[in-house]
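Spelled out, the chains give:
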Amino acid sequence: MELVSIIVPSYNEQETLPLFYKEIKDVANVFVENKINMEMIFVDDGSRDDTLKIIKEYAGKDDSVRYISFSRNFGKEAAIYAGMEAAKGNYVVLMDADLQDPPALLLEMYQFVRDDKYDSVATRRVTRKGEPAIRSFFARLFYKIMNKMSEIDIVDGARDYRLMNRKMADAILAMKEYNRFTKGIFGWVGFRTKWLEYENKKRAAGETKWSFWKLLKYSLDGIVGFSTTPLMFASWLGMAACIISFIVICFVVIRQMLFGGSAFGWPSMVCIFVFFSGIQLLCMGILGQYLSKTYLETKRRPIYIINEKNL
Ligand code: UDP
Ligand code: MG
């Protein structure tokens, strides 16, 4: 019998979990009627509310529920990885606990992959209704920049809600990097992906875990993780500065020889100093970003630490 593993990263989701569990059970029953088993793997990402308690309750009465609980908050990316490592299914699904990813789509997603037309079915929201305008603006900007800079394709509005076959799940598991940017990883591994579109849904309850600054940091991490263009940008900037200053030096020397008295322009000199020191610091900063990622990567720290589980 086929087995579908549903991975649900959960961080402080005590309000949404009961709603989620009810909906996913309805879908699971439809699957079972079609002779497909379903297991749910809840990954408690160091929640400080009753999330773990609720999950344990479900696990106690429902054999298809498994859980992993982290020793602290490691982030959604780590939770996804842990869940995928634990998943035994022929098919793996990633789904948020807040019902922004409609479980009703699951059967359709499953059919596309089972018929072997695609290796994965991903979802994207076509509207950003219910989201602050400024956030949508920066999100769009990020996708534009990211797609210019990086060779992999990152789809605007793509959610992490996705069903994939074993082949693709194993490919993702083989990427053991510490700085995980899942949206980039999906694109990087390749395979045939079918995109389903739907209107943005509001969270069923609770609050989003993403502040504006967290999102900004996340997008910068994504760029550093999947593109080396900023480094190239630094080199080009340096090169351009050299060429321009060489031309200016020639100009000053010739002017001195022909007309003499070139010892003026102190203020402009200061401006130029400050400008180029700025550029140097900027480029060093870019370099530093890559260095710090390399540093963390070479430490080979585990992606997550388990506190308890029932596997
Ligand atoms: N999440 C997590 N660890 C975190 C932040 C979020 O496991 O550090 C989970 C969260 O419980 C939810 C999913 O990731 O199931 C998406 O989070 P959220 O709804 O806050 O993000 P948004 O939908 O606003 O992008
Ligand atoms: Mg959400």
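- By the naming in an unreviewed UniProt entry, the chain goes by Glycosyltransferase 2-like domain-containing protein and is assigned to Eubacterium plexicaudatum ASF492.

### Things to note about the coordination of the magnesium ion (ligand 2)
For a metal with four tetrahedral donors the ideal donor-metal-donor angle is 109.5 degrees, whereas six octahedral donors ideally subtend 90 or 180 degrees.
Phase 1: Protein-derived coordination of the magnesium ion (ligand 2) comes from Asp 98 (OD) and Gln 100 (OE1), at a distance range of 1.9 Å.
Phase 2: When its relative accessible area of 4% is taken as the criterion, Asp 98 is described as buried.
Phase 3: Accessibility expressed as a relative area gives 16% for Gln 100, which makes it buried.

### A word on the pattern of salt bridges
Phase 1: Scanning the model with the defined rule gives 16 salt bridges in all.
Phase 2: A salt bridge links Glu 39 to Arg 66, with the shortest nitrogen-to-oxygen separation between them at 2.5 Å. Here Glu 39, found in strand β2 (residues 36-44), pairs with Arg 66, found in strand β3 (residues 65-70); they are 27 residues apart in sequence, far enough to count as distant. Arg 66 shares its class with Glu 39; the two are buried.
Phase 3: Linking Lys 183 and Asp 160 is a salt bridge whose minimum nitrogen-to-oxygen distance equals 3.4 Å. With a gap of 23 residues between them, Lys 183 in helix α7 (residues 182-189) and Asp 160 in strand β6 (residues 158-165) connect regions that are remote in the sequence.
Phase 4: Lys 183 sits in the buried class, given a relative accessible area of 17%.
Phase 5: A relative accessible area of 9% means that Asp 160 is categorised as buried.

### Observations concerning the UniProt feature "transmembrane region" (unreviewed entry) in the chain
Phase 1: Residues annotated by UniProt as "transmembrane region" (unreviewed entry) correspond here to residues 233-254 and 266-291.
Phase 2: A helix fraction of 100% and a strand fraction of 0% characterise residues 233-254, whose end C-alpha atoms lie 32 Å from each other.
Phase 3: Along residues 266-291 one finds 100% helix and 0% strand; the C-alpha atoms at either end are 37 Å apart.

Procedures and definitions
Residues numbered from 1 in each chain as written. Chains lettered and ligands numbered in written order. Predicted model: local features only at pLDDT ≥ 70, side-chain atom pairs only at ≥ 80, totals over all residues. Heavy atoms only, no water. Donors = N, O, S within 2.8 Å, 3.2 Å for Na, K, Ca; no water. Buried < 20%, exposed > 50% of the residue type's maximum accessible area, 1.4 Å probe, protein only. Salt bridge = Lys/Arg side-chain N within 4 Å of Asp/Glu carboxyl O. Helix = DSSP H or I, 4+ residues; strand = E, 2+ residues; numbered from the N terminus. UniProt positions renumbered as here; feature names shortened; annotations may be inferred.

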